[in-house]
Amino acid sequence: MTDGLTVTLTKAGRTKIRYPAALVADTGDRISVRAPWAAEDVRDFGFVRFEPGDVFTEHFWRTRWYAVKEVRTGEGVLKGWYCDITRPAVVRDGAILVEDLDLDLWVSADGASVLRLDEDEFAASGLGESDPRAAAEAVRALDALAAQAHAPEGLTALLT
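Values in this document were obtained by computation on a predicted structure and should not be read as measured data.

Draft legend 1. Region of interest: unusual backbone geometry. For Asp102, which is not glycine, the phi torsion reads 80 degrees and is therefore positive. Tracing the chain through its elements places Asp102 in strand β10 (residues 95–108). Here Asp118, not a glycine, exhibits a phi torsion of approximately 65 degrees, which is positive.

Quick look at the structure:
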């Protein structure tokens with residue numbers, strides 16, 4: 001496998017974003033990559049700002065319904081973890097392909113803030129009707145990540 005990969009995130013059948021990333025590790029189930037913030041501008045969510053210079057260490061699983069992204073400033077200061085609820089990642093031909101299922105979780109660097117995001121978008125997506133199994137897996141994944149975020153060892157327990 002090459003050290004350079006392309007991450008492609010799709011949503012509702014369309015490419016949401018595509019960006020280059022450097023391979024950090026591949027355990028056979030979890031593949032970890034590092035990439036700079038892929039947008040040219042600042043994205044202010046209110047609870048965190050992603051901006052040029054930020055570095056994302058992203059962890060994708062071939063068997064799990066989520067991705068965990070550790071977010072740091074360019075100087076290395078931890079901002080927190082942004083988690084996408086996704087179908088399991090497909091890794092092939094130098095690419096990581098991930099389908100976003102709308103649900104997200106934010107965990108602040110100190111673990112004090114754990115925010116469930118985009119539950120309204122998920123409900124409006126129609127996934128519960130079109131693919132009830134995937135919708136159930138997505139909800140289970142969000143619940144599991146939120147529970148892990150509240151555990152003493154936090155999300156880092158998933159990444160070691």
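Draft legend 2. Spatial organisation of the pairing of strand β3 (residues 30–36). Along β3, 5 of the 7 residues are buried, which leaves the element largely enclosed by surrounding structure. Looking at chain direction, strand β2 (residues 14–26) and β3 are connected through 4 bridges and run antiparallel. Paired with Ala22 across the bridge in β3 is Arg34. As defined by bridge partners, β3 adjoins strand β6 (residues 55–61) across 7 bridges and the pair is classed as antiparallel. Residue pairing for β6: Ala35 is matched across the bridge by Phe56.

Draft legend 3. The packing of aromatic side chains, seen in detail. Scanning the entire structure with this criterion turns up 11 aromatic pairs. Look at Phe45 and Phe50: their rings are 5.2 Å apart centre to centre, the planes differ by 70 degrees, and that puts the pair in the edge-to-face class. For Phe45, a relative accessible area of 24% gives the class partly exposed. Using a relative accessible area of 3% as the deciding quantity, one classes Phe50 as buried. Ring centres 5.9 Å apart and planes at 35 degrees place the aromatic pair Phe45 and Tyr82 in the tilted group. Residue Phe45 is found in the loop between β4 (43–44) and β5 (49–50), and its partner Tyr82 is found in strand β8 (residues 78–86); the two are separated by 37 residues along the sequence. Within the aromatic cluster, the residues linked to one another by ring pairs are Trp37, Phe45, Phe47, Phe50, Phe56, Tyr82 and Trp106.

Draft legend 4. Quick peek at the pattern of salt bridges. On inspection of all chains with the given rule, the structure shows 15 salt bridges. Residues Lys11 and Asp102 are paired through a salt bridge, measuring 2.8 Å at the closest nitrogen-oxygen approach. Note that Lys11 is positioned in strand β1 (residues 4–11) and Asp102 in strand β10, a separation of 91 residues in sequence. Close ionic contact of Arg140 with Glu137 constitutes a salt bridge, the shortest N to O distance being 3.4 Å. One end of the pair is Arg140 and the other is Glu137, both in helix α3 (residues 132–150) and 3 residues apart, which spans about a single turn. A cluster of three or more residues bridged by salt bridges with shared partners is formed by Asp44, Arg49, Glu51, Asp54 and Lys79.

Draft legend 5. Representation of the side chain of Lys79. Tracing the sequence through the fold places Lys79 in strand β8. Ignoring any residue separated from it by four or fewer positions in sequence, one finds Lys79 in contact with Val48, Arg49, Phe50, Glu51, Asp54, Val71, Arg72, Thr73, Trp106, Ser108 and Ala109.

Cut-offs used in this document
Residues numbered from 1 in each chain as written. Predicted model: local features only at pLDDT ≥ 70, side-chain atom pairs only at ≥ 80, totals over all residues. Heavy atoms only, no water. Helix = DSSP H or I, 4+ residues; strand = E, 2+ residues; numbered from the N terminus. Buried < 20%, exposed > 50% of the residue type's maximum accessible area, 1.4 Å probe, protein only. Pairing = 2+ DSSP bridges. Phe/Tyr/Trp six-rings, centres within 6.5 Å; stacked < 30°, edge-to-face > 60°. Salt bridge = Lys/Arg side-chain N within 4 Å of Asp/Glu carboxyl O. Contact = heavy atoms within 4.5 Å.

Purely geometric numbers; function is a separate question.
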